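Structure assessment
Residues per chain are reported as follows:
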Amino acid sequence: MTPIKGTPAHGLIGATLGFFFGFAAVSLFGPTVDYLEKAAGLTPALAGLLIAIPNLSGSLLRISFSAMVDADGGRRPFLILLVLSLIGVAGIFGVLQFGAENLRSLFPLLLLFGVLGGCGSATFSVGISQTSYWFPPKRQGTALGAYAGIGNLAPGIFAFLLSAVTIPLLGLAGSYLAWLILLAGGTGLYFLLGRNAWYFQLRKAGVDAEDAKAEAREKYGQAFFPQKSVVQSLKTSAGVWQTWALVLIYFTSFGGFMALTGWFPKYWLNYHQTSLALAGGLTALYSLGASLVRIAGGGISDRIGGENTALISLGITLCGALIVSFATLLSAAVAGVVLMAVGMGTANAAVFKMVPDKVPTAIGGAAGWVGGLGAFGGFVLPNLMAAFVAGDPVNGYARGFLVFVGLALVAGGISFLIKTSAPQGARR
């Protein structure tokens, strides 16, 4: 008899822990960019690039690494990404040892290590696919909402700790050393607790693919199974138009979440002239709020459907973005940000409720396209917002949020198109 380790609960816990520590990379430079900007004499455009750069690798690598789940089950790509992130954070700590006066000449190295550090955030789509294989359709929204919601807490927590705790106590370099230690611990936890679903364990034990599929379905209740190869999974999902519709929605909600988690410290500090600690706290309010709402959003999506949930949540995002775009009072800006957190967090959950429904024959490939290209917004959007600041150094920090007004309108229209489109294809 083939030994099988773990249960759906174990699979969810392991993936969530690994993702939590890896996804903190979204806040890799946001809370420290003011220090780095002054030390290296950066322009607003270069500061925006520094905030965004971890999201470049964190988004693009999601495509191939998520598709690898369909061949491997998730454990190996998860560990590779966490180790690459460890190398990146260690490199940032090393660069900072040369002193602030040398940061200008070492800026390209800082970008390079930022790219490596950002690899940890690519664990998101790996964990989404890995978790999806553990749970039946009726529990997908709740399971994925818990996974993503809890994991999404990391950037807000790390942003707050950097701004309010580690920088005042340990200094800039010491803060990244503390980050390195925490990430190493998180990588170790995933190594011990991370588990692949039943089918993948059976295949690793040498069971024939069809026999493994039959045993996993009949004995353990596994509902979803992968395509034969990574390339096939990506190709199959790329041929489904709903994949690309979900990419555009996710670009707005999750790409926007990644962008704003990095951007908000700079917004609060420079536009509302807050203290560093308050900027960190308000950034955490947005990031933690969106993450916690995402947990509830999974359950809501299970009850009323991903399409309906997306439409409602994008409307809330639109209202919040309009308020922040023109708010001059801190209280009004905070209210708008809270609305954006609620809307974007719920929309994030709705999208991945729809992935197994709309692309049931290639979940890993679809999660890769959606998670990767959608999260690319985390790289693109800070640079767009920095362009507003370059054009208007006073009001540009607020007017930059008009980008989200436009995105919410487009994504809402796409959600309506998905809702009114032909019925879903048959499940596997």
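Small disclaimer: the values here were computed from a predicted structure and weren't measured.

**Observations regarding the nonpolar core**
- Formed by 134 residues in total, the largest nonpolar core has its most connected members in Tyr267 and Phe352.
- With residues near it in sequence (within four places) discarded, Phe352 still touches Phe124, Ile128, Leu144, Tyr250, Arg294, Ala367, Val370 and Gly371.

**Here's the deal with the pattern of salt bridges**
- According to the stated counting rule, one finds four salt bridges in the structure shown.
- Arg76 is the salt-bridge partner of Asp72, the closest N and O atoms lying 3.4 Å from each other.
- Residue Asp72 is classed as buried on the basis of its relative accessible area, which comes to 18%.
- With a closest N to O distance of 2.9 Å, Glu307 and Lys358 form a salt bridge.

**Focus: helix α10 (residues 209-220)**
- Helix length check: α10 (twelve residues) gives 16 Å between terminal C-alpha atoms against 16 Å at 1.5 Å per residue, within 8%.
- Among all positions in α10, only Ala212, Lys213 and Ala216 are buried. In a view along the axis of α10, the buried residues occupy a sector of 100°, so they form one face of it. The exposed residues of α10 that point more than 90 degrees off its buried face are Glu210 and Glu218.
- Those residues of α10 that are buried are in contact with α9 (198-204).
- A side-chain oxygen of the first residue of α10 lies 3.0 Å from the backbone nitrogen of Glu210; this N-cap is Asp208.
- Just downstream of α10, Gly221 is the residue with a positive phi angle, here 85°.

**Remarks on helix α3 (residues 44-72)**
- Between its first and last C-alpha atoms α3 spans 42 Å; for 29 residues at 1.5 Å apiece the expected length is 42 Å, and the two agree.
- Gly73, located one to two residues past α3, shows a positive phi value of around 105°.

**Points about unusual backbone geometry**
- The residue Gln273 is not glycine, and still its phi comes out positive at about 55°.
- Within the secondary structure, Gln273 is located in the loop between α12 (241-271) and α13 (276-304).

**Considerations on the side chain of Lys266**
- Assignment of secondary structure puts Lys266 in helix α12.
- Judged by its relative accessible area of 2%, Lys266 is buried.
- Leaving out residues up to four positions away in the same chain, Lys266 has contacts with Val33, Asp34, Glu37, Ala47, Ile51, Tyr271 and Tyr397.

**Notes on the packing of helix α17 (residues 377-391) against helix α19 (residues 402-419)**
- At a minimum axis separation of 10 Å, α17 and α19 run at an interaxial angle of 135°. It follows that α17 is oblique to α19 by the angle criterion. Each of Leu381, Leu384, Met385 and Phe388 in α17 lies in contact with α19, whose residues at this interface are Val403, Phe404 and Leu407.
- Its residues assigned to classes, the contact of α17 with α19 shows seven nonpolar, no polar and no charged.

**Some points on the packing of aromatic side chains**
- Evaluated as defined, the whole model comprises 32 aromatic pairs.
- Between Trp134 and Trp198 the ring centres are 4.8 Å apart and the planes differ by 70°, which places this aromatic pair in the edge-to-face class. Of this pair, Trp134 sits in the loop between α6 (123-132) and α7 (140-151) while Trp198 sits in helix α9, and the two are 64 residues apart along the sequence.
- Taking relative accessible area as the criterion, Trp134 reaches 2% and is therefore assigned buried.

**Structural notes on the confidence of the model for the protein**
- Looking at the protein as a whole, its pLDDT mean stands at 89, while 97% of the residues score no less than 70.
- Overall, residues 423-428 carries pLDDT values under 50, and its contacts beyond four positions in sequence, including any with other chains, amount to 17 contacts.

**Regarding the side chain of Asp34**
- Here Asp34 lies in helix α2 (residues 33-40).
- Once residues lying within four places of it in the same chain are set aside, the contact partners of Asp34 are Lys266, Leu269 and Asn270.

Conventions and cut-offs
Residues numbered from 1 in each chain as written. Predicted model: local features only at pLDDT ≥ 70, side-chain atom pairs only at ≥ 80, totals over all residues. Heavy atoms only, no water. Core = buried A, V, L, I, M, F, W, Y, C linked by side-chain atoms within 4.5 Å. Buried < 20%, exposed > 50% of the residue type's maximum accessible area, 1.4 Å probe, protein only. Contact = heavy atoms within 4.5 Å. Salt bridge = Lys/Arg side-chain N within 4 Å of Asp/Glu carboxyl O. Helix = DSSP H or I, 4+ residues; strand = E, 2+ residues; numbered from the N terminus. Expected span 1.5 Å × (residues − 1). Arc of directions from axis to C-beta. Polar contact = N/O pair within 3.5 Å; in protein donor to acceptor, adjacent residues only side chain to side chain. Axes fitted to C-alpha atoms, helices over the stretch in contact; angles between N-to-C directions. Parallel < 35°, antiparallel > 145°, perpendicular 65-115°, else oblique. Nonpolar A, V, L, I, M, F, W, Y, C, P; charged D, E, K, R; others polar. Phe/Tyr/Trp six-rings, centres within 6.5 Å; stacked < 30°, edge-to-face > 60°. pLDDT = per-residue confidence, 0-100.

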